[in-house]
Amino acid sequence: MLETILKRERDLGTPPSTDTRLVRIVLDGHELDVPQGTSVMRAAAEAGVNIPKLCASDNLEAFGSCRLCLVQIEGRRGYPASCTTPVEDGMVVWTETPKLRELRRGVMELYISDHPLDCLTCPANGDCELQDMAGVVGLRNVRYGYDGANHLDDAIDDSNPYFTYDPSKCIVCSRCVRACEEVQGTFALTIAGRGFDSRVAAGQEDDFMSSDCVSCGACVQACPTSTLIEKSVIEMGQAEHAVVTTCAYCGVGCAFKAEMKGQEVVRMVPWKDGKANHGHSCVKGRFAWGYATHEDRMLKPMIRKHISDPWQEVSWDEAISYAASEIRRIQGAYGRDAVGGITSSRCTNEETYLVQKLVRAAFGTNNVDTCARVCHSPTGYGLKTTLGESAGTQTFDSVMHTDVVIVMGANPSAAHPVFASRLKSRLRQGARLIVIDPRRIELVDSPHIKADFHLPVRPGTNTALLTSLAHVIATEGLIDEAFVAERCETAAFQQWRDFVSLAENSPEAMETITGVPANDVRGAARLFATQGNGAIYYGLGVTEHSQGSTTVMAIANLAMATGNIGREGVGVNPLRGQNNVQGSCDMGSFPHELPGYRHISDDTVRAQFDQAWGVRLQPEPGLRLPNMFDAALSGSFKGMYCQGEDIVQSDPNTQHVAAALAAMECVIVQDIFLNETAKYAHVFLPGSSFLEKDGTFTNAERRISRVRQVMEPKAGLADWEVTCALSNALGYPMDYAHPSEIMDEIARLTPTFAGVSFRKIDELGGSLQWPCNADAPDGTPIMHVDEFVRGKGRFMITKYVPSDERSTRKYPLLLTTGRILSQYNVGAQTRRTPNVMWHGEDLLEIHPHDAEDRGIRSGDLVAIQSRAGETALRAEVTDRVQPGVLYTTFHFPESGANVVTTDSTDWATDCPEYKVTAVQARKVAEPSRWQQGWTRFDEVQRQLLDGGQDQQPPPVSASPAQAPQPEPVPAAQE
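Residues numbered from 1 in each chain as written. Predicted model: local features only at pLDDT ≥ 70, side-chain atom pairs only at ≥ 80, totals over all residues. Heavy atoms only, no water.

Enquirer: Kindly report on the overall build of the protein, identifying the contributing residues and their values.
Expert: Within the protein, the regular secondary structure consists of 30 helices and 36 strands. A compact globule built from 974 residues should have a C-alpha radius of gyration of about 30 Å, and the protein, at 29 Å, falls within 12% of that. Projected onto its principal axes, the C-alpha positions of the protein cover 90 × 75 × 70 Å. Residues counted as buried form 63% of the 974 residues belonging to the protein. If you take every contact in the protein between residues at least 6 apart in sequence, the share linking residues at least 24 apart comes to 73%. Here the protein has roughly 35300 Å² of accessible surface; of this, 49% comes from carbon and sulfur atoms. Each charge class in the protein can be summarised by its mean position, and for the 92 positive and 123 negative side chains these summaries are 2 Å apart. (Helix = DSSP H or I, 4+ residues; strand = E, 2+ residues; numbered from the N terminus. Rg over C-alpha atoms; globule rule 2.2 N^0.38 Å. Buried < 20%, exposed > 50% of the residue type's maximum accessible area, 1.4 Å probe, protein only. Contact = heavy atoms within 4.5 Å. Areas by Shrake-Rupley, 256 points an atom, 1.4 Å probe, with all protein chains shown as cover. Lys, Arg positive; Asp, Glu negative; His and termini not counted. Charge placed at Lys NZ, Arg CZ, Asp CG, Glu CD.)

Enquirer: Hey, could you go over the sheet that holds strand E2 (residues 30-35) for me, with residue numbers and the actual values?
Expert: The 4 strands lie next to each other as E2-E1-E4-E3, forming an open sheet whose pairing is mixed. The two strands at the open ends of the sheet, each matched to only one other strand, are E2 and strand E3 (72-73). The pairing of strand E1 (residues 22-27) with E2 spans 6 bridges and is antiparallel. Its bridge partner being in E2, leucine 22 is matched across the sheet by proline 35. (Pairing = 2+ DSSP bridges.)

Enquirer: Give me the environment of glutamate 295: which residues, what numbers.
Expert: Looking at where glutamate 295 falls in the secondary structure, it is placed in the loop between helix H7 (283-287) and strand E12 (302-303). Of the residues examined, glutamate 295 reaches a relative accessible area of 74% and is grouped as exposed. With 498 residues separating them along the chain, glutamate 295 and glycine 793 place their C-alpha atoms 52 Å apart.

Enquirer: I'd like a description of the packing of aromatic side chains, backed by residues and values.
Expert: Evaluated as defined, the whole model comprises 18 aromatic pairs. Pairwise contacts between aromatic rings join Tyr162, Phe163, Tyr165, Phe208, Phe287 and Trp838 into one cluster. Its end group placed over the ring of tyrosine 887, arginine 439 keeps NZ or CZ at 3.9 Å from the ring centre. Positioned above the aromatic ring of phenylalanine 788, the side-chain terminus of arginine 487 is 4.7 Å from the ring centre. (Phe/Tyr/Trp six-rings, centres within 6.5 Å; stacked < 30°, edge-to-face > 60°. Lys NZ or Arg CZ within 6 Å of the ring centre and 35° of its normal.)

Enquirer: Break down helix H10 (residues 377-386) for me, citing the residues and quoting the values.
Expert: Note: α-helices contain 3.6 residues per turn, so residues at a spacing of three or four share the same orientation. The buried fraction of H10 is high, at 8 of 10 residues. Along H10, the residues that are buried comprise Ser377, Pro378, Thr379, Gly380, Gly382, Leu383, Thr385 and Thr386. As for H10, its buried residues are in contact with strand E21 (534-538), helix H18 (540-543), helix H19 (548-561) and strand E22 (571-574). Of the residues flanking the end of H10, it is glycine 388, one or two places downstream, whose phi is positive at about 100 degrees.

Enquirer: Mind laying out the pattern of salt bridges, listing which residues take part and the relevant values?
Expert: Scanning the entire structure with this criterion turns up 54 salt bridges. For the salt bridge of aspartate 296 with arginine 832, the shortest nitrogen-to-oxygen distance reads 3.0 Å. One end of the pair, aspartate 296, is in the loop between H7 and E12; the other, arginine 832, is in the loop between strand E31 (813-818) and strand E32 (843-846), with 536 residues separating them in the sequence. Look at arginine 832 and you get buried, because its relative accessible area is 17%. Measuring nitrogen to oxygen at the nearest pair gives 2.6 Å for the salt bridge that ties aspartate 762 to arginine 708. Taken together, the positions of aspartate 762 in helix H27 (residues 758-763) and arginine 708 in the loop between strand E29 (703-707) and helix H25 (719-729) put the pair 54 residues apart, joining distant regions of the chain. On the accessibility criterion, aspartate 762 (29% relative accessible area) is partly exposed. (Salt bridge = Lys/Arg side-chain N within 4 Å of Asp/Glu carboxyl O.)

Enquirer: Talk me through the packing of helix H13 (residues 462-475) against helix H17 (residues 518-530); I want residue IDs and the actual numbers.
Expert: Close contact between H13 and H17 brings their axes to 9 Å; oriented N to C, the two are set at 65 degrees. The handedness of the crossing between H13 and H17 is right-handed. Between H13 and H17, the residues in contact are Leu465, Ser468, Leu469, His471, Val472 and Ile473 and Val521, Arg522, Ala524, Ala525, Arg526 and Ala529, respectively. Among the residues making up the contact of H13 with H17, the classes are represented as 8 nonpolar, 2 polar and 2 charged. (Axes fitted to C-alpha atoms, helices over the stretch in contact; angles between N-to-C directions. Left-handed = near helix turned anticlockwise from the far one by under 90°. Nonpolar A, V, L, I, M, F, W, Y, C, P; charged D, E, K, R; others polar.)

Enquirer: Go over unusual backbone geometry, please, and point to the residues and values.
Expert: Here the bond from tryptophan 770 into proline 771 is cis, since omega is 0 degrees, no more than 30 degrees from zero. Among the secondary structure elements, proline 771 is positioned in the loop between strand E30 (767-769) and E31. In this structure, histidine 448 is a non-glycine residue whose phi angle is positive, near 65 degrees. We classify histidine 448 as exposed; its relative accessible area is 58%.

Enquirer: Explain the nonpolar core to me, using residue names and the numbers behind them.
Expert: Counting residues in each nonpolar core, the largest one holds 68 residues, and the members touching the most others are Phe163, Leu228 and Leu433. Residue contributions to this core peak at 4 residues, all from helix H12 (residues 417-428). Those residues within four positions of leucine 228 in sequence are excluded, and the remaining contacts are Phe163, Thr164, Tyr165, Cys176, Phe208, Cys219, Val220 and Cys223. Counting residues in hydrophobic clusters, the runner-up holds 67 residues, among them Ala319, Ile327, Leu594 and Leu617. (Core = buried A, V, L, I, M, F, W, Y, C linked by side-chain atoms within 4.5 Å.)

Enquirer: Could you give an account of the pairing of strand E7 (residues 199-202), with specific residues and numbers?
Expert: Burial of E7 is two-sided: the residues Arg199 and Ala201 facing one way and the residues Val200 and Ala202 facing the other way are all buried. Two elements, strand E6 (residues 189-192) and E7, share 4 bridges in a ladder whose sense is antiparallel. Its bridge partner being in E7, isoleucine 191 is matched across the sheet by valine 200. Taking the residues that link successive antiparallel strands as the turn, the E6-E7 hairpin has 6 residues, and the phi of glycine 193 there is positive, at about 80 degrees.

Enquirer: Describe the sheet that holds strand E9 (residues 241-246), naming the residues involved and giving the relevant values.
Expert: Taken in spatial order, the 3 strands line up as E9-E10-E11 in an open sheet, and their pairing is antiparallel. Unpaired on one side and paired on the other, E9 and strand E11 (264-270) mark the two borders of the sheet. Geometrically, the sheet is characterised by an average inter-axis angle of 30 degrees between neighbouring strands, direction not taken into account. Two elements, strand E10 (residues 255-261) and E11, share 6 bridges in a ladder whose sense is antiparallel.

Enquirer: With reference to specific residues and values, describe the state of the cysteines.
Expert: Considering all chains together, one arrives at 0 disulfides under this definition. Free of any disulfide, cysteine 213 has its nearest cysteine sulfur in cysteine 219, 5.5 Å distant. According to the relative accessible area criterion, cysteine 213 is buried, its value standing at 15%. In this structure cysteine 772 is not part of a disulfide, and its nearest cysteine sulfur, from cysteine 585, lies 20 Å away. (Disulfide = S-S within 2.5 Å.)

Enquirer: Please give an account of helix H4 (residues 175-184) that cites residues and values.
Expert: The element H4 is largely enclosed, with a buried count of 8 among its 10 residues. Within H4 the residues assigned to the buried category are Arg175, Cys176, Val177, Arg178, Ala179, Cys180, Val183 and Gln184. Here the buried face of H4 lies against helix H3 (129-136), E6, E7, helix H5 (218-222), strand E8 (228-230) and H12. Taken from the residues just after H4, glycine 185 is the one with a positive phi, measuring 85 degrees.

Honestly, that's just the spatial picture; any functional story needs more than this.
Put into structure tokens, the structure is as follows:
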């Protein structure tokens with residue numbers, strides 16, 4: 001059922017009642033027991049009776065404006081709207097009578113009297129609720145002509161790149177306005193005018209593009225006519241079938257229906273039954289999918305001997321054979337550990353699993369890492385140490401049960417917008433909010449939302465701030481003593497309480513370090529500890545610090561001390577950045593861990609993999625990604641297989657990374673575009689987009705969701721097939737017929753995935769949350785319910801250690817980085833969509849005081865220099881940042897944001913300290929030398945690609961060179 005479904009899902013008219021009490025009604029002569037508070041419309045719909053409607057939708061509160069859903073209730077005067085009328089015990093309702101039919105036809109006739117009758121040429125023909133309802137009520141003629149005033153000539157607004165607004169088709173049902181308010185929470189739309197002059201308006205009579213609209217698509221989804229409709233539908237017509245899949249952007253993991261015409265996507269529609277998004281979406285997932293068919297897609301394998309040589313297009317067999325021969329040549333010359341691999345957080349669980357298996361079993365080394373190293377590796381370390389599991393504790397829905405929320409080092413409105421909409425909905429219901437961020441993010445103060453406390457912490461001092469919050473809770477008797485006594489290690493707790501209670505950890509003592517007023521810290525601590533369910537959501541502004549792991553442990557300490565673990569509405573919730581960064585960690589992508597976070601040195605665990613994979617794995621952890629770079633520059637690391645990661649743009653100290661890659665003898669890049677890393681590649685293997693593959697992604701709430709292929713791989717092979725081919729060429733067989741078989745293998749070898757299969761995911765409605773095994777056959781929505789995974793929770797001492805990246809006389813400012821709504825990560829996808837209309841370059845935010853001191857105005861080109869390098873960005877003077885702090889994004893490679901970030905890292909995991917870089921800023925007239933060099937190099941690469949098409953490829957070895965092979969398992973162990 002999930003693979004091909006009807007385009008329009010059934011709408012029950014109004015949201016369900018949460019009341020557990022039942023009342024009995026009589027509907028069209030039949031007795032029904034329904035929950036108290038249910039609308040008559042929904043009660044009828046659940047009984048199979050569809051009352052006509054236009055303004056009602058079950059993801060919006062009842063509105064009662066269209067008057068099409070009139071019913072007759074015995075003992076009541078008139079004909080009430082069924083959407084706004086709740087059921088009552090003993091109520092007798094009639095949904096179809098001659099009078100009701102007459103009234104409904106009259107209402108519909110009035111709608112049609114001011115509506116174009118161009119159904120045959122309308123882009124919504126066949127998918128229009130107004131058209132459907134006209135048929136349902138039996139409207140056959142319209143007595144009112146167009147002689148009087150009408151709206152048929154109203155101008156179309158097509159300013160938005162993805163959808164149009166045609167006011168001549170608008171029936172003023174207000175569904176779009178309500179969706180913007182209730183679902184998205186932006187409040188960008190309104191009904192302007194009164195009576196006949198009422199019309200939907202974007203802001204103060206702006207067009208959609210210049211308004212506050214965030215292009216989430218909620219209004220388009222809600223519109224019952226073609227008033228708001230996708231331009232892709234206008235151009236291509238209605239889809240013929242739909243396939244449910246999972247978005248390949250952020251870690252929310254939204255479910256979408258890819259509506260298709262053959263092999264072409266017509267539109268992506270958020271799936272109403274998606275457990276992570278419940279039918280909502282953001283501009284990226286909803287509209288920015290065109291990159292999958294962009295002209296920049298690389299569809300042919302290519303090889304070259306040296307990075308200065310022209311690229312040569314070759315067949316898949318030639319490319320795979322050449323890559324395998326180079327890996328074996330390098331191992332023969334430099335040893336087994338001279339090569340390694342990078343797994344992708346963009347690819348599926350199954351593909352990531354295969355890459356780490358390839359490195360361990362075919363390469364024979366543990367030199368494997370993933371981009372989680374540079375984002376959430378401190379989450380894994382910190383939560384594993386304190387709670388016993390390296391993942392978040394809750395579902396996203398849990399936020400609807402919270403009373404007070406801490407958002408720390410995260411900007412959900414920009415990076416996780418669908419979750420942000422749900423959070424904002426809860427805040428509008430009365431939940432309290434504490435924002436900990438150096439920058440004034442949208443959540444601090446936006447329509448109908450205002451944070452109780454904004455703690456603008458100085459970059460690099462997160463640990464100090466959290467410890468001072470804990471000081472207040474410990475010294476003012478706010479600890480949940482019963483929870484701690486029952487659930488946590490006593491000795492560790494006592495040591496922690498003694499530590500945080502020290503006067504040196506008080507808010508007053510820490511104020512000079514953190515920059516946050518002590519009174520605000522005390523107020524925030526009391527609010528979190530005393531106002532009921534408390535939940536903590538954090539992002540890369542926590543982890544990407546030299547004390548990232550320490551800060552994660554401090555967050556866990558805070559949650560345990562206040563008893564906010566193990567039930568709905570609480571928990572420690574890391575907001576994962578990429579679509580499958582959680583999955584890439586789960587699948588064993590770190591050099592020290594096998595799938596399921598089990599250490600490579602564990603003899604029992606390793607023996608299971610030895611037997612299953614038919615090799616003897618190395619017991620020692622391999623190189624982390626930064627170690628691979630250092631080893632390359634020292635001459636001992638010579639080859640890398642990099643799948644779906646642009647490490648040159650995304651990793652810190654760009655020039656260091658580029659030098660390391662240039663020092664290697666064989667870099668194999670597998671991606672859908674010729675990215676920055678591919679400039680240093682010797683083999684390029686075309687990748688496949690999420691629309692071209694089957695598999696699963698795992699989101700930030702541990703939800704494993706199906707990814708379904710909607711079109712054939714444009715380069716001929718899906719990513720998992722490429723990895724299998726490379727492994728086979730290396731002499732280690734990988735023979736899978738379908739990704740479901742890979743997941744079956746994962747389940748056999750990974751206890752937390754023991755019950756996971758494609759079939760199980762489908763049976764549970766499209767997703768499930770690990771752990772899923774005999775103890776939790778349907779998955780685990782909430783972790784640590786009765787006890788922590790490690791048994792007793794462990795409090796950890798979190799002493800503040802200043803970062804080496806501190807402001808100095810030479811570098812007096814602190815640069816921090818983040819994301820913006822319209823762009824994503826390194827921008828490889830979103831830069832190839834109309835999203836660049838909102839954000840076409842990375843900008844440098846600078847406080848007015850700092851700008852005035854340097855003679856900088858908005859729009860000026862500003863050089864930022866650190867001890868690692870220099871780049872230049874356009875300035876945006878704003879008080880969103882505090883004095884002494886600069887902020888930029890990293891979505892455009894030419895910006896060189898990571899040219900200036902340094903090699904400072906987290907003490908436990910080597911996660912780079914992106915969020916704290918000491919810099920100086922000055923106004924300049926031209927880009928930096930690095931940027932000028934980047935432009936020239938990029939042009940050279942394009943010339944090499946264009947100029948190499950007619951030349952012969954370099955010689956390819958007939959067979960892989962001799963090199964150390966993985967040891968077979970003795971027969972006795974098989």
